[in-house]
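Examination of the molecular architecture
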Amino acid sequence: MTLRLGVVLPTYNERGNLRSMVDRLDKALAGIGWEVIVVDDNSPDGTADEARTLAQEDARVRVIQRIGRRGLSSAAIEGMCATAAPVVAVMDADHQHDPDLLPQMLAAVESGDYDLAYASRFAEGASTEAWGRPDRVKASNLANRIANKVTGVELTDPMSGYFMLPTQTLRADAHRLSGVGFKILLDILATVERPLKVKEFPLNFAARAEGESKLDRTVIFEFLVGLYDKWLGRWIPTRFALFGTIGGLGVVVHMAVLAVVLNLFGADFLVSHYPKEVAFIAGQTTAALVAMTFNFVLNNELTYADKRLRGFGPLMTGWARFALTCAFGLLANIGAATALVRLGFHAYPAALVGIVLGSVWNFALSSKFVWGKY
Ligand code: GDD
Ligand code: MN
């Protein structure tokens, strides 16, 4: 049978859902040449092993196992680029997306009347009741409204994770997609310059079969980061912007801790025992350590969420390396600022240059030395 459709299933901890998903695809796509590409981010539950077991039984199942990476969008992109099928679909592996829609979507795309078909949770005739998550319905509606405003894309559900398009359309623009976050459909629609003719299919969005959602915790954060990446990311890279913002918060933390320590030392009963400098040095040191740890934790959770260090050992080594990086960053900062002041610059602009230089240094080094493949 000729290969007509590639189905991409991005997975993270979906071991229990895979076999039944492949069964459902097999039934839904009877008479159609298809393959499924499981793109797994090295799930701890062994999803990739399960996918390989299935692939040994049925060669239409293929597996991409990514090591040291995370992200729904980038997984979807890599999966879509990995099929030789002329048409490709992306859907969730947890049974929330009904595979019975695939033949109708395929007919729409193959007819040439449409450039893209997708399943909407919010179209006429769709439902989200079975999902059982009114909070997420609200969040999705809000995100959809913002997305429509910002991108001019007029769909009822541009956040949908269930869509299909000619593989060539995707391949032509794959290098321009941001690959950040989860809103891959929106990203495609906003990136492909010629307006795409889109066919919408109402979807009865089901409850997840096994396991739990990976997007619950980060969905809003990732959405905002994704928007930023699309609109300002080309001038100030998203990661650096995040790193810088967290650095700014770190300064606030530093000042707060310093104030607390100075107040403690300033308490009357201590004044006689400790000279002022000791209080300041103690405060400044504590504050720097707390602020640096705060920055390390936040960068690990947010800026480098896709390369997050886990477990006691890696976290301790990471922290130590981050501390070392920051120490050198501070030297660069002070060195540059001092040099500028000697050249006759005002103290504040000189300090600012020092801070920017130190931040760039910290960012460049920590991205390699702390969260990179070193
Ligand atoms: N490879 C990979 N890497 N796959 C991932 C990752 C990741 O980092 N995160 C999630 N996935 C996979 C999941 O295993 C699942 O198959 C699919 O992507 C969707 O993830 P869920 O965790 O089930 O998301 P959800 O149900 O909460 O979110 C739904 O709504 C979003 C919009 O609000 C989904 O339909 C999403 O596709 C949709 O974008
Ligand atoms: Mn889901």
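Residues numbered from 1 in each chain as written. Chains lettered and ligands numbered in written order. Predicted model: local features only at pLDDT ≥ 70, side-chain atom pairs only at ≥ 80, totals over all residues. Heavy atoms only, no water.

1. Some details on the site of ligand 1
Basically, it comes down to this: Residues are labelled near a given molecule or strand when at least one of their non-hydrogen atoms is within 4 Å of it. For this analysis, a polar contact is any N or O atom pair within 3.5 Å, provided that within protein one partner can donate a hydrogen and the other can accept it, and provided that sequence-adjacent residues contribute only side-chain to side-chain pairs. For the area figures, the Shrake-Rupley method with a 1.4 Å probe applies, and any residue is considered shielded solely by the protein chains shown. By definition, any uninterrupted DSSP run of H or I lasting at least four residues is a helix, any uninterrupted run of E lasting at least two residues is a strand, and each is numbered from the N terminus. Each residue gets one of three labels, nonpolar for Ala, Val, Leu, Ile, Met, Phe, Trp, Tyr, Cys and Pro, charged for Asp, Glu, Lys and Arg, and polar for the others, Gly among them.
Inspection of the region around ligand 1 gives 26 residues, with Glu14, Asp41, Gln96, Ser213 and Lys214 positioned closest. At 2.8 Å from an oxygen atom of ligand 1 is found a main-chain nitrogen or oxygen belonging to glycine 71. The separation between an oxygen atom of ligand 1 and a polar side-chain atom of arginine 121 is 3.4 Å. Summarising the interface, the protein chains cover 98% of the accessible area of ligand 1, which totals 740 Å² for the free molecule. Elements with a contribution of two residues or more to the shell around ligand 1: strand 1 (5-11), helix 3 (72-81) and helix 5 (134-151). Among the residues forming the shell around ligand 1, the class breakdown is 10 nonpolar, 7 polar and 9 charged.

2. Quick word on the UniProt feature "domain: Glycosyltransferase 2-like" (unreviewed entry) in the protein
Quick reminder of the rule: UniProt positions are given in the numbering used here, feature names are shortened, and annotations may be inferred rather than shown by experiment.
Summarizing the sequence annotation, UniProt attributes the feature "domain: Glycosyltransferase 2-like" (unreviewed entry) to residues 7-165 in the numbering used throughout. Across residues 7-165, the secondary structure splits into 39% helix and 18% strand, with the terminal C-alpha atoms separated by 11 Å.

3. So, the pattern of salt bridges
Our working rule: Within this document, salt bridges are pairs made up of a side-chain nitrogen of Lys or Arg and a carboxyl oxygen of Asp or Glu, the two lying within 4 Å of each other. Only protein chains enter the accessibility calculation, which uses a 1.4 Å probe. A residue is then buried if its area is under 20% of the maximum for its type, exposed if over 50%, and partly exposed in between.
Tallying each qualifying case throughout the model produces 20 salt bridges. The partner of arginine 208 in a salt bridge is glutamate 14, with the nearest N and O atoms 2.9 Å apart. In this pair, arginine 208 is assigned in the loop between strand 7 (198-202) and helix 8 (219-231) and glutamate 14 in the loop between strand 1 and helix 1 (15-28), connecting sequence segments 194 residues apart. Across the pair aspartate 115 and arginine 194 runs a salt bridge whose closest N-O atoms are separated by 3.6 Å. You can see aspartate 115 sitting in the loop between helix 4 (102-110) and strand 5 (116-120) and its partner arginine 194 sitting in the loop between helix 7 (184-191) and strand 7, a full 79 residues away along the chain. A relative accessible area of 15% means that aspartate 115 is categorised as buried. Ionic contacts of the salt-bridge type, sharing partners, join the residues Glu14, Asp94, Arg208 and Lys214 into one network.

4. Details of the coordination of the manganese ion (ligand 2)
Applicable threshold: Coordination here is defined by N, O and S atoms within 2.8 Å of the metal (3.2 Å for Na, K and Ca), and since water is not considered, a site can look incomplete.
Surrounding the manganese ion (ligand 2) are the protein donor atoms Asp94 (OD) and Gln96 (OE1), which sit 2.0 Å from the metal. Of the two residues, aspartate 94 and glutamine 96, both sit in the buried class.

5. Points about the pairing of strand 1
If a strand is regular, its side chains alternate between the two faces of the sheet. The condition that has to hold: Any two strands between which DSSP finds at least two bridges are classified as paired. Think of it like this: strands point away, you trace from the first strand over the helix to the second, and a clockwise trace means the crossover is right-handed.
For strand 1, the tally of buried residues reaches 7 of 7 residues, placing the bulk of the element in the interior. Taking every second residue as pointing to the same face, both faces of strand 1 are buried, with Leu5, Val7, Leu9 and Thr11 on one and Gly6, Val8 and Pro10 on the other. Here strand 1 pairs with strand 2 (residues 34-40) via 7 bridges, running parallel. Counted as the bridge partner of valine 7 is valine 36 from strand 2. Handedness of the crossover is the feature at issue here: the chain leaves strand 1, passes through helix 1, returns alongside strand 2, and the resulting connection is right-handed. Two elements, strand 1 and strand 4 (residues 87-90), share 4 bridges in a ladder whose sense is parallel.

6. Concerning helix 7
Burial analysis of helix 7 places 7 of its 8 residues in the buried class, which makes it a mostly covered element. Taken together, the buried positions of helix 7 are occupied by Ile184, Leu185, Leu186, Asp187, Ile188, Leu189 and Thr191.

7. Regarding the packing of helix 11 (residues 276-303) against helix 12 (residues 312-342)
The following threshold applies: Between the N-to-C directions of two axes lies an angle of 0 to 180 degrees, each axis being a line fitted to C-alpha atoms and, for a helix, fitted only over the stretch in contact. Throughout, the term roughly parallel applies to angles under 35 degrees, roughly antiparallel to angles over 145, roughly perpendicular to angles from 65 to 115, and oblique to all others. Crossing chirality is assigned from the near helix's rotation relative to the far helix, an anticlockwise turn below a right angle marking it left-handed and a clockwise turn marking it right-handed. The contact criterion used is simple: two residues touch if any of their non-hydrogen atoms lie within 4.5 Å.
Two elements in contact, helix 11 and helix 12, have axes whose closest approach is 10 Å; the angle formed by their N-to-C orientations is 120°. The orientation of helix 11 relative to helix 12 falls into the category oblique. Judged by the sense of rotation from one axis to the other, the crossing of helix 11 with helix 12 is right-handed. Listed contacts from helix 12 to Leu289, Met292, Thr293, Asn295, Phe296, Asn299 and Asn300 of helix 11 are Leu315, Gly318, Trp319, Phe322, Ala323 and Cys326.

8. Re unusual backbone geometry
The phi torsion at asparagine 42 lies on the positive side, around 55°, for a residue other than glycine. On the secondary structure map, asparagine 42 appears in the loop between strand 2 and helix 2 (47-57). Unusually for a residue other than glycine, histidine 95 sits at a positive phi of about 75°. By the secondary structure assignment, histidine 95 is in the loop between strand 4 and helix 4.

9. A short note on the domain arrangement of the protein
Applied cut-off: Where each domain begins and ends follows an automated or database-derived domain assignment. In this description, buried area is defined as the sum, over both parts, of the accessible area (probe of 1.4 Å) that is lost when the two are combined.
What the domain assignment reports for the protein is domain 1 (5-232) and domain 2 (238-369). Once you take the C-alpha centre of each, domain 1 and domain 2 turn out to be 41 Å apart. Contact with domain 1, which involves 8 residues of that partner, is made by 9 residues of domain 2. Around 680 Å² of area is buried between domain 1 and domain 2 when both sides are counted, 56% of it from carbon and sulfur atoms. Counting the surface domain 1 buries against domain 2, the share from its top three residues, Arg70, Phe221 and Tyr228, is 55%. Seen at the junction of domain 1 and domain 2, the total is 0 salt bridges.

10. As for the UniProt feature "transmembrane region" (unreviewed entry) in the protein
As annotated by UniProt and renumbered to match this structure, "transmembrane region" (unreviewed entry) occupies residues 240-266, 278-298, 319-341 and 347-365. Split by type, residues 319-341 is 100% helix and 0% strand. Its first and last C-alpha atoms lie 32 Å apart.

11. Describing the nonpolar core
Inclusion rule: By nonpolar core we mean a set of buried residues, namely Ala, Val, Leu, Ile, Met, Phe, Trp, Tyr and Cys, connected to one another through side-chain atoms within 4.5 Å.
Residues Leu5, Val7, Leu102 and Met164 are the most contacted members of the largest nonpolar core, which totals 34 residues. Residue assignment for this core shows that the elements contributing at least two residues are strand 1, helix 1, strand 2, helix 2, strand 4, helix 4 and strand 5. Sorting elements by how many residues they give to this core places helix 4 first, with 5 residues. Not counting chain neighbours up to four residues away, the residues in contact with leucine 5 comprise Leu29, Gly33, Trp34, Glu35, Ala85, Val87, Val88, Ala89, Leu106 and Met164.

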